[in-house]
There are 4 protein chains.
Amino acid sequence: MHRDGIASVGAPGDDQVPVIADKPPARRRRKDGEARREAILDAGLEIFSGLGLHGASLDRLAERAGLSKANLLYYFPSKEDLYLAVLRRVLDVWLDPLQELDADSDPAEAIRAYIRAKLTLSRDAPQASRLFCLEIVQGAPLLRAELEGPLRGLVESKAAILRGWIDQGRIGAHDPHHLIFSIWAITQHYADFAVQVDAVTGRSLDESDFFESTVASTQALILTGLGLR
Amino acid sequence: MHRDGIASVGAPGDDQVPVIADKPPARRRRKDGEARREAILDAGLEIFSGLGLHGASLDRLAERAGLSKANLLYYFPSKEDLYLAVLRRVLDVWLDPLQELDADSDPAEAIRAYIRAKLTLSRDAPQASRLFCLEIVQGAPLLRAELEGPLRGLVESKAAILRGWIDQGRIGAHDPHHLIFSIWAITQHYADFAVQVDAVTGRSLDESDFFESTVASTQALILTGLGLR
Amino acid sequence: MHRDGIASVGAPGDDQVPVIADKPPARRRRKDGEARREAILDAGLEIFSGLGLHGASLDRLAERAGLSKANLLYYFPSKEDLYLAVLRRVLDVWLDPLQELDADSDPAEAIRAYIRAKLTLSRDAPQASRLFCLEIVQGAPLLRAELEGPLRGLVESKAAILRGWIDQGRIGAHDPHHLIFSIWAITQHYADFAVQVDAVTGRSLDESDFFESTVASTQALILTGLGLR
Amino acid sequence: MHRDGIASVGAPGDDQVPVIADKPPARRRRKDGEARREAILDAGLEIFSGLGLHGASLDRLAERAGLSKANLLYYFPSKEDLYLAVLRRVLDVWLDPLQELDADSDPAEAIRAYIRAKLTLSRDAPQASRLFCLEIVQGAPLLRAELEGPLRGLVESKAAILRGWIDQGRIGAHDPHHLIFSIWAITQHYADFAVQVDAVTGRSLDESDFFESTVASTQALILTGLGLR
DNA sequence: GATGAATGAGCGTTCATTCAT
DNA sequence: CATGAATGAACGCTCATTCAT
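Here the structure is a predicted model, which means the values were calculated and not measured. Residue numbers run consecutively from 1 along every chain, following the written order of its sequence. Whichever chain is written first becomes A and whichever ligand is written first becomes 1, with later ones labelled in order. Side-chain atom pairs in this predicted model are given and counted only at pLDDT of 80 or more, local residue features only at pLDDT of at least 70, and totals for whole chains, interfaces and linings cover all residues. To obtain the side-chain values, all non-hydrogen atoms of the structure were included, while hydrogens and water were left out.

Caption draft 1: View of the overall build of chain A. Of the regular secondary structure elements, chain A holds eleven helices and zero strands. By definition, any uninterrupted DSSP run of H or I lasting at least four residues is a helix, any uninterrupted run of E lasting at least two residues is a strand, and each is numbered from the N terminus. If you list the helices and strands of chain A from N to C, you get α-α-α-α-α-α-α-α-α-α-α. Classification of the 229 residues of chain A by burial places 51% in the buried group. Look at the contacts in chain A between residues 6 or more apart in sequence, and 71% of them connect residues 24 or more apart. Residue exposure ignores everything except the shown protein chains as possible cover, and the areas themselves are Shrake-Rupley values with a 1.4 Å probe. For chain A, the exposed surface amounts to about 10,400 Å²; the carbon and sulfur share of it is 49%. Relative accessibility under 20% of the residue-type maximum defines a buried residue, over 50% an exposed one, and the middle range a partly exposed one, all with a 1.4 Å probe and only protein chains included. Residues are treated as being in contact if the distance between any of their heavy atoms lies within 4.5 Å.

The following block contains the structure:
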């Protein structure tokens, strides 16, 4: 139903068939190379998110990406390099919704939209969420720098917006960091713990009524919690 | 400060030095055997939670547990067996607080206590939480049965309690499953994503003021969200 | 004819069959382990001296030593470790004759004996000489430290003896370092360049008349060169 | 100080910039082609002499020669082909001084000149000497034919000259083969075992006083050994 | 001529597991 | 109980070589 993987999310419509068939060879070759890189990254997302860095083997990755192990290593010099490349692509996509949070918006509307955007990602790119989760849970041995740099900066700037709203009395007093963590935790839970959600409820975000009820529930909990209802 | 691991939680005071030194050899040996099993399970928790099933090697596990690889395999016939044993011990501890949720309690009090109990576990046994998270995120290949059996049953029975409270108008109308997931998500986030929390805020649940503010924040968000304030 | 390898030189008679068959198991096991180590070192000498560090494969080494590749790595943690162990054993044997050079001896007799000892080594342990040669020629990447330490010290002390003899007018004035290098060069040539010697003359040190004529020739050249005839 | 490599020895002044810039393309291309061949051979000498046939990789060779791996294989169809080409060029240069040995010369003068010529090569083209040494030490698997053919013939003819001088009583009686081997061994030692010489004495043939004293020492030893002093 | 892309074979090494003692 | 020794399978990676362009 929903495309699993983040290519479709990060760059929709990217893989349109070219109208004119015979491009000059140089360009065709480069296109092919980049398409292969993408295929490898897609395979990496799929397999790393299910087995972790150590559980994934180059053989499986290559097989899934449709090329030979040696050829895969031509594009990414080591398994870890591939893993990191996948992780970075994930991180970018994953933080995108937060970037949108704007001081000039209506707080209720902005938070409602943010929750929906995050849950949409959890539905459309659950593997990305899981891979990110896997890495963080294990102590982020390869991503720590990115967490302490860009992520921290982004969160600080958005926390400032929330604090502004609190100071203006537009939302209830609730520590901005805790609020952000709570929204992250709840929305990502439906991707990261999807098997558990499924085991307990038999439902998945792929079912649109469950998706909508999850969005509504989460929005209600948070907005009411912030005194916005 | 807080003991990391769940032995201290599940079986406090377990490793006291026996008062009388020379027990009969048969009994001593058996005691030693169980102590060794515990030591191996502790090592397993520590290492599996940091490296995952595939990232952990028997060599490391044995070294950490203080015995030889071959001897470790005497106690647990395979790496997967050990992994499962650790996981099961974790699951028991992890579900314990939910068992306490009682229909006859005051809803606000019960939920407040539940949140505190879960966050206490996140503080005192973060590795257990992480190991459980790791397993679920990867699709619970070895735990699915336990999720669909005991876990589902437990959640259903507690959801029924919540539904009862809602029907009685004692808490706001909020889907019980979503409510339980939200509490799980938020409280476990502080264990599972501890590095991220630390990277962004520089704080950890080990610091008692941060622990208390986290408890208060979460209780406020959930209880307000349920119209209990 | 002559045992190739240095075990026979360094530790003659070492592998005698024990008179009493059933040793206690602990001792037997250790014996076996050491015998295997020796077998591996022998295989290492044989193969490294013919193919160099990079040309030798663990598969070949293991096959020659009569065990599995994985088992070989149980005794030596890496190929390079094995290579170094072989090299060190070689170096010890190789420098031994020089140690014997004694200030109190008759110079002519001492030099004559030294030349014979070196040529005997070239005959009995040519692979050791070749492995050492291979390593030095490639710049001694793994042995440089040993050259600048122990070797240099040994040479200096023996050069002092030669210088003493020169000062006493007992041998002709010839720079001691150059003299030592010349003797090394000539005597080792018959091991290191054995194929070339064979290609040009059709002879080998294994033939006793060629061995004796080589000894005589070299002694004559050097001793006459030093004015001792 | 001294150019390392044999291009400078075998074909001095070969890489002069052409006076007239724009040659007709056909000829230019061919010239470029040969220059590239030379560059590859130079790279081959440098790298093979340091790492051996098996230790050198096409990637390194291509990088050093300044072209792509695939292009390198256009000039030499396989790594072994390149290795052999380098080796043959080395062999030619290496035997050159011996060719000069002339029956009509004064024996003392001829031998003195030969020693100096060989040591000059050891100084100016040590890598050539080392590569040759490496190959012979490993049993000359690729060069045996050349040793038993041209080399043997050359040595035989020169040994005849020496034997003539002996018969005429112009030099002391010393087996010609042994004499040639001794001169080879000593003179090449300063190239092949340069690291060892350096480790022991701290000197190198690149220092002109050490070079001259080595020449003098060697000439003295050999000529005195032959009763020419 | 020149090169980027591709690959099969092999390498050194790790690892879970077995076995004898 | 406990361990040193042993192994087959798999792993990540390198490499000489090929091929299409």
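Caption draft 2: The arrangement of the interface of chain B and chain A in detail. Each partner contributes residues to the interface: chain B has 50 residues there, and chain A has 50 residues. Once two parts are joined, some of their accessible surface, as seen by a 1.4 Å probe, is lost; buried area is that loss totalled over both. In total, chain B and chain A occlude about 4,500 Å² of area from one another, counting both sides; carbon and sulfur atoms represent 68% of this. Salt bridges are defined as contacts in which a side-chain nitrogen from Lys or Arg sits within 4 Å of a carboxyl oxygen from Asp or Glu. Put simply, chain B and chain A have zero salt bridges between them. For this analysis, a polar contact is any N or O atom pair within 3.5 Å, provided that within protein one partner can donate a hydrogen and the other can accept it, and provided that sequence-adjacent residues contribute only side-chain to side-chain pairs. Across the contact surface, chain B and chain A share eight residue pairs in polar contact (both at pLDDT 80 or more). Where the side of chain B that touches chain A is concerned, the elements lending two or more residues are helix H2 (25-55), helix H7 (126-137), helix H8 (144-167), helix H9 (176-192), helix H10 (194-201) and helix H11 (208-225) of chain B. Polar here means any residue other than Ala, Val, Leu, Ile, Met, Phe, Trp, Tyr, Cys and Pro, which are nonpolar, and Asp, Glu, Lys and Arg, which are charged; Gly is therefore polar. Within the side of chain B that touches chain A, the residues separate by chemical class into 23 nonpolar, 20 polar and seven charged.

Caption draft 3: Here's a closer look at the interface of chain D and chain C. Counting residues at the interface gives 51 residues for chain D, matched by 50 residues for chain C. Between chain D and chain C the total buried area reaches about 4,500 Å² when both faces are included, carbon and sulfur atoms providing 68% of it. Run the count over chain D and chain C and you get zero salt bridges. Across the contact surface, chain D and chain C share eight residue pairs in polar contact (both at pLDDT 80 or more). Of all the secondary-structure elements, those providing two or more residues to the side of chain D that touches chain C are helix H2 (25-55), helix H7 (126-137), helix H8 (144-167), helix H9 (176-192), helix H10 (194-201) and helix H11 (208-225) of chain D. The class makeup of the residues in the side of chain D that touches chain C is 23 nonpolar, 21 polar and seven charged.

Caption draft 4: Quick peek at the protein's contact with DNA strand F. In the neighbourhood of DNA strand F, 32 residues make up the surrounding shell, with Lys 79 of chain A, Tyr 75 of chain B together with Arg 36, Tyr 74 and Tyr 75 of chain C lying closest. Lys 69 of chain A has a polar side-chain atom sitting 2.9 Å from a base nitrogen of DNA strand F. One nitrogen or oxygen atom from the main chain of Leu 58 of chain D is found 2.8 Å from a phosphate oxygen belonging to DNA strand F. For the surface near DNA strand F, the secondary-structure elements that each account for two or more residues are helix H2 (25-55), helix H3 (58-65) and helix H4 (69-75) of chain A, H2 and helix H4 (69-75) of chain B, helix H4 (69-75) of chain C together with helix H4 (69-75) of chain D. For the surface near DNA strand F, the residue count by class is 14 nonpolar, nine polar and nine charged. The near set for a molecule or strand comprises every residue that places at least one heavy atom within 4 Å of it.

Caption draft 5: Structural detail: the packing of aromatic side chains. Here is the rule: rings of Phe, Tyr and Trp (six-membered ring for Trp) pair when centre to centre is within 6.5 Å. Planes less than 30 degrees apart are stacked, more than 60 are edge-to-face, and the remainder are tilted. Inspection of the entire model under this criterion finds 20 aromatic pairs over all chains. The interplanar angle of 50° and the centroid separation of 5.9 Å between the aromatic rings of Phe 181 of chain C and Trp 184 of chain C together place this pair among those described as tilted. Note that Phe 181 of chain C and Trp 184 of chain C are positioned in helix H9 (residues 176-192) at a spacing of three residues, about one turn of the helix. Both rings, one in Tyr 74 of chain D and one in Tyr 75 of chain D, keep their centres 5.2 Å apart while their planes meet at 85°; by these two values the pair is edge-to-face. Looking at Tyr 74 of chain D, the relative accessible area reads 65%, which means it is exposed. One aromatic cluster is present, formed by Phe 181 and Trp 184 of chain A together with Tyr 190 and Phe 210 of chain B through successive ring pairs. Criterion for a charge above a ring: Arg CZ or Lys NZ at most 6 Å from the ring centre, at most 35 degrees from the ring normal. Directly above the ring of Phe 211 of chain A sits Arg 123 of chain A, whose terminal nitrogen or CZ lies 4.4 Å from the centroid.

Caption draft 6: Molecular detail of the state of the cysteines. Two cysteine sulfurs form a disulfide in these notes if their separation is within 2.5 Å. By the definition in use, this model includes zero disulfides over all chains. There is no disulfide at Cys 133 of chain C, and the cysteine sulfur nearest it, in Cys 133 of chain D, is 3.6 Å away. With relative accessibility at 0%, the residue Cys 133 of chain C sits in the buried group.

Caption draft 7: A look at the relation of the copies chain B and chain A. Take chain B, turn it by 180°, move it 0.0 Å along the axis, and it overlays chain A with an RMSD of 0.1 Å. Here the two chains are linked by the operation of a two-fold rotation axis. In terms of C-alpha distance to the rotation axis, chain B has Gly 225 of chain B as its closest residue, with the C-alpha 2.0 Å off the axis. In this assembly, 100% of the residues forming the interface of chain B have copies in chain A that are likewise at the interface, indicating an isologous arrangement. The atoms used to superpose the copies are C-alpha atoms, taken from residues with pLDDT of at least 70 in both, and the fit is least squares.

Caption draft 8: Quick peek at the packing of helix H5 (residues 79-100) of chain A against helix H8 (residues 144-167) of chain A. Residues and elements named next belong to chain A. Where helices are involved, their axes are fitted lines through C-alpha atoms of the stretch in contact, as for all axes, and angles between N-to-C directions lie from 0 to 180°. At their nearest, the axes of H5 and H8 sit 11 Å apart, and the two run at 10° to each other. Overall, the two elements H5 and H8 adopt an arrangement that is roughly parallel. Listed contacts from H8 to Arg 88, Leu 91, Leu 95, Leu 98 and Gln 99 of H5 are Glu 146, Leu 151, Leu 154, Val 155 and Lys 158. Class assignment for the residues of the contact of H5 with H8 results in six nonpolar, one polar and three charged. Any angle that is under 35 degrees is reported as roughly parallel, and any over 145 degrees as roughly antiparallel; angles of 65 to 115 degrees are reported as roughly perpendicular and all others as oblique.

Caption draft 9: Spotlight on helix H11 (residues 208-225) of chain C. Residue and element names in this part refer to chain C. The span expected for a helix works out to 1.5 Å for each residue beyond the first. Between the first and last C-alpha of H11 there are 25 Å, a value that for 18 residues agrees with the 26 Å anticipated at 1.5 Å per step. Summarising burial for H11: 13 of the 18 residues are buried, a large majority. Of the residues one or two after H11, Gly 227 is the one with positive phi, at around 75°.

Caption draft 10: Main features of the protein's contact with DNA strand E. If you check the shell around DNA strand E, you find 31 residues, and the closest are Arg 36, Tyr 74 and Tyr 75 of chain A, Lys 79 of chain C together with Tyr 75 of chain D. Taken together, the sugar and phosphate atoms account for 66% of what DNA strand E places within 4 Å of the protein. Ser 68 of chain A is positioned such that a nitrogen or oxygen atom in its side chain is 3.1 Å from a phosphate oxygen of DNA strand E. For DNA strand E, a sugar or linking oxygen lies 3.1 Å from a polar atom in the side chain of Asn 71 of chain A. Looking at the surface near DNA strand E, the elements with two or more residues in it are H4 of chain A, H4 of chain B, helix H2 (25-55), helix H3 (58-65) and H4 of chain C together with H2 and H4 of chain D.

Caption draft 11: Layout of the pattern of salt bridges. Applying the stated rule across the entire model yields 40 salt bridges over all chains. Between Glu 212 of chain A and Arg 116 of chain A there is a salt bridge, with its nearest N and O atoms 2.9 Å apart. With Glu 212 of chain A in helix H11 (residues 208-225) and Arg 116 of chain A in helix H6 (residues 107-124), this pair connects stretches of sequence that are 96 residues apart. Accessibility expressed as a relative area gives 37% for Glu 212 of chain A, which makes it partly exposed. When its relative accessible area of 34% is taken as the criterion, Arg 116 of chain A is described as partly exposed. With a closest N to O distance of 2.3 Å, Glu 46 of chain D and Arg 64 of chain D form a salt bridge.

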